[in-house]
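Here is how the chains run, residue by residue.
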Amino acid sequence: MKGETCVICLEETKADRMFVMDKCLHRHCYPCVNQLVEVKLRNGTVPTCLDYECKLKLSLENCFKVLKPKVIELWKHMMKEESIPLAKRIYCPYINCSTLMSKTEISRSNKSNDCACIKCSGLVCIDCKVPSHSDLSCAEYKKLHPDPVLDDLTLKLLANDQKWRQCVKCRHLIELNQGCNHMTCRCGYQFCYKCGVEWKKGQVTCPTGCPRTGQGYFYDGE
């Protein structure tokens, strides 16, 4: 079978291993589609066609057959996040879990401020979204734990070693695997991964002048 050259990686690929968008007819190899979709999802944005000037949005349905299982699960998770209003989202605060839950759904089954995580069963305070603190009020807990996400020394050392960044809005830890410094947290806050400054809408480079890193076609300047 005659091969085609993917315009992204410039590798020759069999024609039946090229992903084709039905509406724009742009063609790209499966590995590039997987890579771009994963990076976009991890940055909190909806994947679009890989063609430089094409803004056509991709959907899980039309990409399903070419995506790896881990990318499919990541996309399903993003769809679940989008289905829950930001103010109603609760992420399990336990390090080895982080399951997404809806505050409305779990509060219906429990009259107290605590609820059990639907995955690990750990008790979570619905109001301040931290591990249960039944012996303390939310205000008292926050006074004792002003930075709950990094309260654990082991996690703090790991975050420093891995150069993870912490969102200033929701305190979620973020790791940059690939792509540019423009990050979008799961809470919607955008910032520069290198210096942490807020990245406002319409900016195409870091406000403080940090050099752009990563592969250009992963960049999302919206």
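Each residue is numbered by its place in its chain's sequence as written, counting from 1. This being a predicted model, a pLDDT of at least 70 is required before a residue's local features are given, and a value of 80 or more before pairs of side-chain atoms are given or counted; all residues contribute to the totals for chains, interfaces and linings. Only heavy atoms go into the side-chain values, all of them from the structure, while hydrogens and water stay out.

**Side note on helix H3 (residues 69–83)**
Part 1 of the reasoning: In this model H3 runs 21 Å from its N-terminal to its C-terminal C-alpha over 15 residues, within 8% of the 21 Å that 1.5 Å per residue would give.
Part 2 of the reasoning: Here the term buried applies to any residue with accessible area under 20% of the maximum for its type, exposed to any over 50%, and partly exposed to those in between, with areas from a 1.4 Å probe on protein chains only. Think of it this way: any DSSP run of H or I at least four residues long counts as a helix, any run of E at least two long counts as a strand, and we number them from the N terminus. The set of residues buried in H3 consists of Val-71, Ile-72, Leu-74, Trp-75, Met-78 and Glu-81.
Part 3 of the reasoning: The elements touched by buried residues of H3 are helix H1 (30–42), helix H2 (60–63), strand E5 (89–91) and strand E6 (100–102). To estimate how far a helix should reach, multiply one less than its number of residues by 1.5 Å. Whether two residues are in contact is decided by their heavy atoms: any pair within 4.5 Å suffices.

**Quick word on the state of the cysteines**
Part 1 of the reasoning: Two cysteine sulfurs form what is called a disulfide whenever their separation falls within 2.5 Å. Taken as a whole, this structure holds zero disulfides when the rule is applied.
Part 2 of the reasoning: Note on Cys-54: no disulfide assigned, nearest cysteine sulfur contributed by Cys-49 at a separation of 3.8 Å.

**Thoughts on the packing of aromatic side chains**
Part 1 of the reasoning: When two rings of Phe, Tyr or Trp (its six-membered ring) have centres within 6.5 Å they constitute a pair, described as stacked for plane angles under 30 degrees, edge-to-face for angles over 60, and tilted for the intermediate range. This model, assessed by the stated rule, comprises one aromatic pair.
Part 2 of the reasoning: Each ring, one from Tyr-189 and one from Phe-191, has its centre 6.1 Å from the other, and the planes form 20°; the classification is stacked.
Part 3 of the reasoning: Residue class for Phe-191 comes out buried when judged on its relative accessible area of 3%.

**What to know about the environment of Leu-60**
Part 1 of the reasoning: Mapped onto the elements of the fold, Leu-60 is located in helix H2.
Part 2 of the reasoning: Residue class for Leu-60 comes out buried when judged on its relative accessible area of 12%.
Part 3 of the reasoning: Each C-alpha atom of the pair Leu-60 and Lys-76 lies 8.1 Å from the other, and the pair is 16 residues apart in sequence.
Part 4 of the reasoning: Every residue in contact with Leu-60, bar those within four places of it in the chain, is listed here: Leu-67, Ile-72, Trp-75, Lys-76 and Met-79.

**Description of the environment of Leu-25**
Part 1 of the reasoning: Relative to the elements of secondary structure, Leu-25 occurs in the loop between strand E3 (18–20) and strand E4 (27–29).
Part 2 of the reasoning: For Leu-25 and Cys-49, which are 24 residues apart along the polypeptide, the C-alpha to C-alpha distance reads 9.8 Å.

**Remarks on the nonpolar core**
Part 1 of the reasoning: In these notes, a set of buried Ala, Val, Leu, Ile, Met, Phe, Trp, Tyr and Cys residues joined through side-chain atoms within 4.5 Å is what counts as a nonpolar core. Counting residues in each nonpolar core, the largest one holds 25 residues, and the members touching the most others are Phe-19, Val-33, Val-37, Leu-41, Leu-58, Leu-67 and Trp-75.
Part 2 of the reasoning: Looking at this core, the elements with two or more residues in it are E3, H1, H2 and H3.
Part 3 of the reasoning: Among residues more than four places away in sequence, those in contact with Val-33 are Phe-19, His-28, Leu-50, Val-66 and Leu-67.
Part 4 of the reasoning: By size, the runner-up hydrophobic cluster in this structure holds nine residues, among which are Ile-90, Cys-97, Met-101 and Ile-126.

**Describing H1**
Part 1 of the reasoning: Between its terminal C-alpha atoms H1 stretches 18 Å, which fits the 18 Å expected from 13 residues at 1.5 Å a residue.
Part 2 of the reasoning: Listed in full, the buried residues belonging to H1 are Tyr-30, Cys-32, Val-33, Asn-34, Leu-36, Val-37, Glu-38, Val-39, Lys-40 and Leu-41.
Part 3 of the reasoning: On its buried side, H1 packs onto E3, E4 and H3.
Part 4 of the reasoning: At the exit of H1 stands Gly-44, carrying a positive phi of roughly 80°.

**Some remarks on the environment of Leu-50**
Part 1 of the reasoning: For Leu-50, the position within the fold is in the loop between H1 and H2.
Part 2 of the reasoning: On a C-alpha basis, the gap between Leu-50 and Met-21 in space is 9.8 Å, while along the polypeptide they are 29 residues apart.
Part 3 of the reasoning: With residues near it in sequence (within four places) discarded, Leu-50 still touches Ile-8, His-28, Cys-32, Val-33 and Leu-36.

**Focus: the confidence of the model for the protein**
Part 1 of the reasoning: Put simply, the protein has an average pLDDT of 77, and 78% of its residues get 70 or more.
Part 2 of the reasoning: A low-confidence stretch, residues 214–222 stays under pLDDT 50, and its non-local contacts, those more than four residues away or across chains, total 26 contacts. Scored between 0 and 100, pLDDT is the confidence that the predictor attaches to each residue.

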